[in-house]
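# Fold and contact review
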Amino acid sequence: MPENVHDAKVWDVVVVGAGPAGSAAALALARAGCSVLLLERGPFPGSKNVYGGVVYARVLDEILPQWWLDVPVQRWVTRRSTMIMTGHQALTVDIRAQNWGKAPFNGMTTYRPDFDAWLAGKAVDAGAVLITSTVATGLIRDGRGRVCGVRTDRPGGDLRARVVIACDGVNSFLAKEAGLLPAADAGHHTLGVKEVWSLPPEVIEERYALGRREGLDIEMLGCTRGIPGGGFLYTGHDTVTVGVVVSVEALAKAKVRPEELIADLRAHPAIAPGLRGADLKEYAAHLIPEGGYRTMPKLATDGLLIAGDAAGMCLAAGLWLEGVNFAIGSGLAAGAATAKAVRAGDFSAAALASYRTSMQANFVLSDHKRMKDAPKLVLNERLHAQYTSLICDMAEAIFTVVNPEPKPRMTALLRRTVKDHGVRWRDLAKDAALGGRIFR
Amino acid sequence: MSMNSHHVDPPERLPVVAFEDRMATVEFRVGQRAHIVVDSDVCRSCTTQACVTACPANLFAPTSDGGILFNYEQCFECGTCYMVCNSQGALTWSYPDGGHGVVFRKG
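Read on for a plain summary of the structure. A quick note: this is a predicted structure, and the numbers were derived from the prediction, not measured. (Residues numbered from 1 in each chain as written. Chains lettered and ligands numbered in written order. Predicted model: local features only at pLDDT ≥ 70, side-chain atom pairs only at ≥ 80, totals over all residues. Heavy atoms only, no water.)

## Side note on the overall build of chain B
Helices and strands together make up the secondary structure of chain B, namely four helices and six strands. In sequence order, the secondary structure elements of chain B are arranged as α-β-β-α-α-β-β-α-β-β. Within chain B, the proportion of its 107 residues that are buried is 47%. The contacts of chain B with a sequence gap of at least 6 include a subset with a gap of at least 24, amounting to 65%. (Helix = DSSP H or I, 4+ residues; strand = E, 2+ residues; numbered from the N terminus. Buried < 20%, exposed > 50% of the residue type's maximum accessible area, 1.4 Å probe, protein only. Contact = heavy atoms within 4.5 Å.)

## Regarding the overall build of chain A
Looking only at helices and strands, chain A features 13 helices and 19 strands. In terms of its C-alpha atoms, chain A occupies a principal-axis envelope of roughly 90 × 50 × 40 Å. Counting over 440 residues, chain A shows a buried share of 59%. For chain A, the exposed surface amounts to about 17700 Å²; the carbon and sulfur share of it is 54%. (Areas by Shrake-Rupley, 256 points an atom, 1.4 Å probe, with all protein chains shown as cover.)

## Remarks on helix 6 (residues 258-267) of chain A
Regarding helix 6 of chain A, the residues found buried are Pro 258, Glu 259, Leu 261, Ile 262, Leu 265 and Arg 266 of chain A. Looking straight down helix 6 of chain A, one finds that the buried residues subtend no more than 150 degrees of arc, so they occupy a single side. (Arc of directions from axis to C-beta.)

## Some thoughts on the pattern of salt bridges
All names here are of chain A. Taken as a whole and judged by the stated rule, the model has 27 salt bridges over all chains. Residue Asp 427 is joined to Arg 382 by a salt bridge in which the shortest nitrogen-to-oxygen separation is 3.9 Å. With Asp 427 in helix 13 (residues 425-439) and Arg 382 in helix 11 (residues 381-398), this residue pair connects regions lying 45 residues apart in the sequence. We classify Asp 427 as buried; its relative accessible area is 11%. (Salt bridge = Lys/Arg side-chain N within 4 Å of Asp/Glu carboxyl O.)

## Considering the interface of chain A and chain B
It is common to give the size of an interface as the accessible area lost on bringing the parts into contact. Taken together, the contact pairs 54 residues of chain A with 42 residues of chain B. Contact between chain A and chain B buries roughly 3900 Å² in total, counting both sides, with carbon and sulfur atoms accounting for 58%. Broken down residue by residue, the surface that chain A buries against chain B is led by Arg 257, Glu 282 and Tyr 283 of chain A, which jointly contribute 17%. Across the contact surface, chain A and chain B share three salt bridges. Across the pair Lys 48 of chain A and Glu 77 of chain B runs a salt bridge, and its minimum N-O distance is 3.0 Å. Connecting chain A to chain B are 20 residue pairs in polar contact (both at pLDDT 80 or more). Breaking the side of chain A that touches chain B down by element, the ones donating at least two residues are helix 2 (112-125), helix 3 (173-177), strand 11 (189-198), helix 5 (248-254), helix 6 and strand 15 (279-289) of chain A. In terms of residues, the side of chain A that touches chain B owes the most to one element, strand 15 of chain A, which gives eight residues. Looking at the side of chain A that touches chain B residue by residue, the class counts come to 28 nonpolar, ten polar and 16 charged. (Buried area = accessible area lost by both parts, 1.4 Å probe. Polar contact = N/O pair within 3.5 Å; in protein donor to acceptor, adjacent residues only side chain to side chain. Nonpolar A, V, L, I, M, F, W, Y, C, P; charged D, E, K, R; others polar.)

## Remarks on a nonpolar patch on the surface
Judged by side-chain polarity, Ile 398, Phe 399 and Met 410 of chain A come together as a nonpolar surface patch covering roughly 340 Å² of accessible area. Locating Met 410 of chain A in the fold gives a position in helix 12 (residues 410-420). (Patch = residues over 30% accessible without salt bridge, like charges linked within 9 Å, V, L, I, M, F, W, Y side chains within 5 Å.)

## Quick notes on the pairing of strand 5 (residues 90-96) of chain A
If a strand is regular, its side chains alternate between the two faces of the sheet. All names here are of chain A. Pairing of strand 4 (residues 75-85) with strand 5 involves seven bridges; the strand directions are antiparallel. Across the sheet, Ile 84 pairs through a bridge with Leu 91, a residue of strand 5. The turn joining strand 4 and strand 5, which pair antiparallel and follow one another in sequence, is formed by four residues. (Pairing = 2+ DSSP bridges.)

## Considerations on the packing of aromatic side chains
Applying the stated criterion across every chain yields a total of 18 aromatic pairs over all chains. Here the aromatic rings of Trp 67 of chain A and Trp 68 of chain A are separated by 5.2 Å at their centres, their planes lie at 80 degrees, and the arrangement is edge-to-face. Just as Trp 67 of chain A is buried, Trp 68 of chain A falls in that class too. Considering the side-chain rings of Trp 93 of chain B and Tyr 95 of chain B, the 5.6 Å spacing of their centres and the 75 degrees angle between planes classify their relative orientation as edge-to-face. On the basis of relative accessible area, Trp 93 of chain B is assigned to the buried category, the value being 13%. These aromatic residues form a ring-pair network of at least three members: Tyr 283 of chain A together with Phe 19, Phe 28, Phe 76 and Phe 104 of chain B. Across from the ring centre of Tyr 95 of chain B, 3.5 Å away, lies the NZ or CZ of Arg 41 of chain A, which sits over that ring. (Phe/Tyr/Trp six-rings, centres within 6.5 Å; stacked < 30°, edge-to-face > 60°. Lys NZ or Arg CZ within 6 Å of the ring centre and 35° of its normal.)

## Looking at the environment of Arg 409 of chain A
Residue and element names in this part refer to chain A. Following the sequence through the fold, Arg 409 ends up in the loop between helix 11 and helix 12. Given the relative accessible area of 67%, Arg 409 is considered exposed. Separated by 142 residues in the primary sequence, Arg 409 and Ala 267 have C-alpha atoms spaced 34 Å apart.

## Focus on the pairing of strand 8 (residues 136-141) of chain A
Residues and elements named next belong to chain A. Relative to strand 9 (residues 147-152), strand 8 runs antiparallel, the two sharing five bridges. When the bridges of strand 9 are listed, Leu 139 appears paired with Val 150. Between strand 8 and strand 9, which pair antiparallel in sequence order, lie five residues; one of them, Gly 145, sits at a positive phi of approximately 85 degrees.

Here you go:
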């Protein structure tokens, strides 16, 4: 650690965690002229991070114009599929949009060590000081209980700051210590596990019908043995990543090992041919905050803000699966609010309140609020145990020609399929109404 | 290929990945200190031992006396174990010291 980092110096802001939230906060603060120390516990930014594969980076348009010119991208997602499946069926809705392959782009696949290090580099370019391989082990409070720094695992490593921004991820021990997050909350977290398989770029492009630098993102439902959750597959330049996200609580109850769910998916007739001959490059796992708006913690106390996964900012809402953009959005908002507090010389929760109001005015909290009931639907047992197979059977029946029998009427087919699956019309209507309300 | 073949190919034979091979793809900079400590005495009275199946790195092994044997070295630091643990005090959980532990390359 450089000598001038601790000792008597009081930083305007110490940001804990050089993920997308922390680096965005540090970037905004450094641009605003604040002294910023950005702490990272891994040997480099992104080394502890795993995600579902796609970054939507338009949130950077303002602070990093033309960010796409030097962002470390694997492929630009021009094809997105939603696949509903059973062990032997798959019904896919597939959209291809060539506009997503040119500026200002839409989603991109990228590896977190590349993307996170790139964004941290932008913060450093703006004047933030990045310190890696350092764990923030606790909060320092002043005589009146206000947060005024963090302890680290370096000898003599106490760091003083006017404001601390905790972007220390889904397990945020700083937010837990501050009483903002519960110690453990299996019901509102999912576990993501994934495998990265390597294939030559031209093989990927042929198998997944992609042009050069174009990518595919598949989101799947019905591939998790009835455990609430889903699967995903996305293409990198020379890799295909396949994985599942499942409710932590339900996974534990089902006594299923997570990697077995990936193995199921890899063996599925809709997925297996795409992975033929590939080599396993990396296996990874990470938790995801899934409680949404209803379980979102308080975002500020005196001298402390939380952002990104630490604040539960992640949208796993079936149609939309986003997280990195919310981390960046909350980091930028936290940085702006903190810069204002530093200018005013007031670091109380009240002085930091513009953090929340600015996110209510943009996508970060608006999207979360709009999707506040999504966790109820996405983690609904009926959806995973019954509806996915009901939909596949219905689709199979529609396209099965049963001559010499005439075609059955759609309504009769639906009645029969619903009955065969033991689904109650009342539940179906209720869940459909919930879905309609959420996605309206 | 004969055009009149009227059977489909048998299901794909997929490479089975042994768990050790799967974990061998992950880089770990193992620290001196065990960042997670399991109190096996507490685990003996646990009826679920959910950590055994839920841990994605498969680090929790049931022992013949009903306890749990844990090895911290190949830990993803994900937090699943403490989230599913229902025995108060069985797990002491912290992050590895700075710079140590898992290093993802394609996360």
